[in-house]
Amino acid sequence: MSYLVSNNSLLQVDIMEIPENCVIVLSDGITKFSELPAHAKTKIVTYQGKVKRVEFDEVEEFKRFNYIFVRKC
């Protein structure tokens, strides 16, 4: 992933190089990128107004399937 912070403090991100689903976190002058998992709760933990960590609580989806039973006579 590439990004550039210019002299006038602008963050420039090449969106063609970052993952399709990601989060960009800015805290205390630091920029971090993180790709988002397919199924998860994302929690950003802060302490004294600064990002301490980003947590991903991944889960597995269970989908209900409708089955049709066919009985041959």
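What counts and what doesn't
Residues numbered from 1 in each chain as written. Predicted model: local features only at pLDDT ≥ 70, side-chain atom pairs only at ≥ 80, totals over all residues. Heavy atoms only, no water. Buried < 20%, exposed > 50% of the residue type's maximum accessible area, 1.4 Å probe, protein only. Helix = DSSP H or I, 4+ residues; strand = E, 2+ residues; numbered from the N terminus. Pairing = 2+ DSSP bridges. pLDDT = per-residue confidence, 0-100. Polar contact = N/O pair within 3.5 Å; in protein donor to acceptor, adjacent residues only side chain to side chain. Contact = heavy atoms within 4.5 Å.

### What about the pairing of strand E3 (residues 22–27)?
Reasoning step 1: Burial along E3 is one-sided: the residues Val 23, Val 25 and Ser 27 are buried and none of Cys 22, Ile 24 and Leu 26 is.
Reasoning step 2: As defined by bridge partners, E3 adjoins strand E4 (residues 30–35) across 6 bridges and the pair is classed as antiparallel. Along E4, the bridge assignment pairs Cys 22 with Glu 35.
Reasoning step 3: In sequence, E3 turns back onto E4 through a hairpin of 2 residues, with Asp 28 there showing a positive phi of about 55 degrees.

### Observations regarding the confidence of the model for the protein chain
Low-pLDDT portions of the prediction should not be read for the details of their coordinates.
Reasoning step 1: On average, the protein chain scores 80 in pLDDT, and the residues at 70 or more come to 73%.
Reasoning step 2: Considering each helix and strand of the protein chain separately, the mean pLDDT is smallest for strand E1 (residues 3–5), with a value of 63, and largest for strand E5 (residues 40–47), with 91.

### A word on the side chain of Ser 27
Reasoning step 1: Among the secondary structure elements, Ser 27 is positioned in strand E3.
Reasoning step 2: There is a polar contact of 2.9 Å between the side chain of Ser 27 and the backbone nitrogen of Val 51.
Reasoning step 3: Contact partners of Ser 27, with chain neighbours within four places excluded, come to Lys 50 and Val 51.

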